[in-house]
Structures are given as C-alpha cells and as structure tokens.
Amino acid sequence: MCRRPVMFQPPCIPPDHILTALREIFGERVEHVRIVERSWFAWLHGRACATTRRNTILLTGHAAAFWRDPDLILHEYFHVLRQWQTGRLTLWRYVAEWLRRGYRHNRFEIEARQFAAAHRERLGPLLDEKQRKH
C-alpha cells in the first residue's frame, strides 16, 4: 500500500542495471528521466500508480516497487521517451483523448501498453542478468 505523498520529494536515482537495460531496449539515453517517489501529483490521479510529464515519471509509491515491475517501467518510460519527448504527447492532447475515449481506449495508453507487451520478454532477463552482475 502507498504511504502518504510527500510535497517536495527529490528524484531518485535508478539502479545502473536498469538504466543499462532500458538503454538497450530504447536505443537511447535514459538517464535524464527523473523518477519521483511518493509524489502528491501522482497521488491526485486516483488509482494510477504512476503518471508522467516531460522527462519525469511520478510515482505514488516507492521506486523499489517500480523497479520490480517490467511492464510498468516500459509503459512509463515509453510515455516519456516516445511520446512526451517527441512532442506527440502534450497535456492538452492527452486530456482531449481521455475525454473522447477514456483511459483504457486512449491512443497514448494503448501505444504504451503495446510497447510494454512487445518488450516485456526482453526486459525481464536483462534486469535479472544485470542485477546478477552487480
């Protein structure tokens, strides 16, 4: 269960083996993506355990749980790297899509779920392999 959010939580630093695995999958730098634990802003999003903004993943809980969930890692990093960073996703576009189709059928969420599903098999072993080396 999530603890109460913190107003000004500093970003946490992802483990090296996770950064390495994500760089392999995305084929680009990922170190610039900030991860904020126990975010009050994410907490305001209801049942969601994470939300994103440009270069930032905001978590309702602790990062340790996030790092154990390959689907969620891939899903949220996809939003940041392939949607926010490219300019395809903006707050207004997301809200319009959400109003039109809801959360589940929102094209931004569909793309992120498809990406996570397509790369889940690859990330799990990379995380395990990199963790064994550390």
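Described below are features of the structure shown in this document. Throughout this description, residue numbers start from 1 for each chain and increase along the sequence as written. Selection of residues for local features in this predicted model requires a pLDDT of at least 70, selection of side-chain atom pairs for listing and counting requires 80 or more, and totals for whole chains, interfaces and linings are taken over all residues. To obtain the side-chain values, all non-hydrogen atoms of the structure were used and water was disregarded.

## Quick look at the nonpolar core
Throughout this description, the term nonpolar core refers to a set of buried Ala, Val, Leu, Ile, Met, Phe, Trp, Tyr and Cys residues connected via side-chain atoms within 4.5 Å. With a 1.4 Å probe rolled over the protein chains alone, any residue whose accessible area is under 20% of its type maximum counts as buried; one over 50% counts as exposed, and the rest are partly exposed. The biggest cluster of nonpolar side chains holds 28 residues, and the ones touching the most others in it are Phe-26, Ile-35, Phe-66, Trp-67 and Tyr-77. Numbering of helices and strands runs from the N terminus; a helix is a DSSP stretch of H or I covering at least four residues, while a strand is a stretch of E covering at least two. Looking at this core, the elements that each hand over two or more residues are helix H1 (16-26), strand S3 (56-59), helix H3 (63-67), helix H4 (70-84) and helix H6 (107-133). Ranked by residue count, the leading element in this core is H4, at seven residues. With near-sequence residues (within four places) excluded, Ile-35 lies in contact with Pro-11, Cys-12, Pro-14, Ile-57, Leu-59, Ala-63, Phe-66, Trp-67 and Tyr-77. In this analysis, two residues are considered to be in contact whenever any of their non-hydrogen atoms come within 4.5 Å of each other.

## So, the sheet that holds S3
Strands were regarded as paired on the criterion that DSSP finds at least two bridges between them. Taking strand neighbours across the sheet as the criterion, the three strands line up as S1-S3-S2 in an open arrangement whose pairing is mixed. Across the chains shown, the open sheet's two edge strands, defined by having one partner strand only, are strand S1 (34-36) and strand S2 (50-53). Shown here is a sheet whose adjacent strand axes are inclined to one another by a mean of 20°, direction ignored. Note that S1 and S3 share three bridges and pair parallel. In the strand pairing of S3, Arg-34 is matched with Thr-56. In this analysis, axes come from line fits to C-alpha atoms, helices being fitted only over the stretch in contact, and the angle between any two N-to-C directions falls in the range 0 to 180 degrees.

## Overview of the pairing of S2
Across four bridges, S2 lies against S3 in antiparallel orientation. Residue pairing for S3: Thr-52 is matched across the bridge by Ile-57. Hairpin connection from S2 to S3: two residues lie between these consecutive antiparallel strands, with Asn-55 at a positive phi of about 60°.

## Focus: the pattern of salt bridges
Salt bridges are defined as contacts in which a side-chain nitrogen from Lys or Arg sits within 4 Å of a carboxyl oxygen from Asp or Glu. All told, the structure shown has eight salt bridges when counted by the stated rule. One salt bridge in this structure joins Arg-88 and Glu-111, with 2.5 Å as the shortest N-O distance. Remark: Glu-111 occurs in helix H6 and Arg-88 occurs in the loop between H4 and helix H5 (91-101); sequence separation between them is 23 residues. The exposure class of Glu-111 is partly exposed, given its relative accessible area of 23%. Between Glu-97 and Arg-107 there is a salt bridge, with its nearest N and O atoms 3.4 Å apart. Of the two residues, Glu-97 is situated in helix H5 and Arg-107 in helix H6; the sequence distance between them amounts to 10 residues. Exposure remark for Glu-97: the relative accessible area of 1% places this residue in the buried category. For Arg-107, a relative accessible area of 37% corresponds to the partly exposed category.

## Structural notes on the environment of Trp-40
As for its position among the elements, Trp-40 is in helix H2 (residues 40-43). Sequence separation between Trp-40 and Thr-60 is 20 residues; the distance between their C-alpha atoms is 7.2 Å.

## Some thoughts on unusual backbone geometry
Phi at Arg-38 is positive, roughly 45°, even though this residue is not glycine. Topologically, Arg-38 is positioned in the loop between S1 and H2. The residue Asn-55 is not glycine, and still its phi comes out positive at about 60°. Relative to the assigned elements, Asn-55 resides in the loop between S2 and S3.

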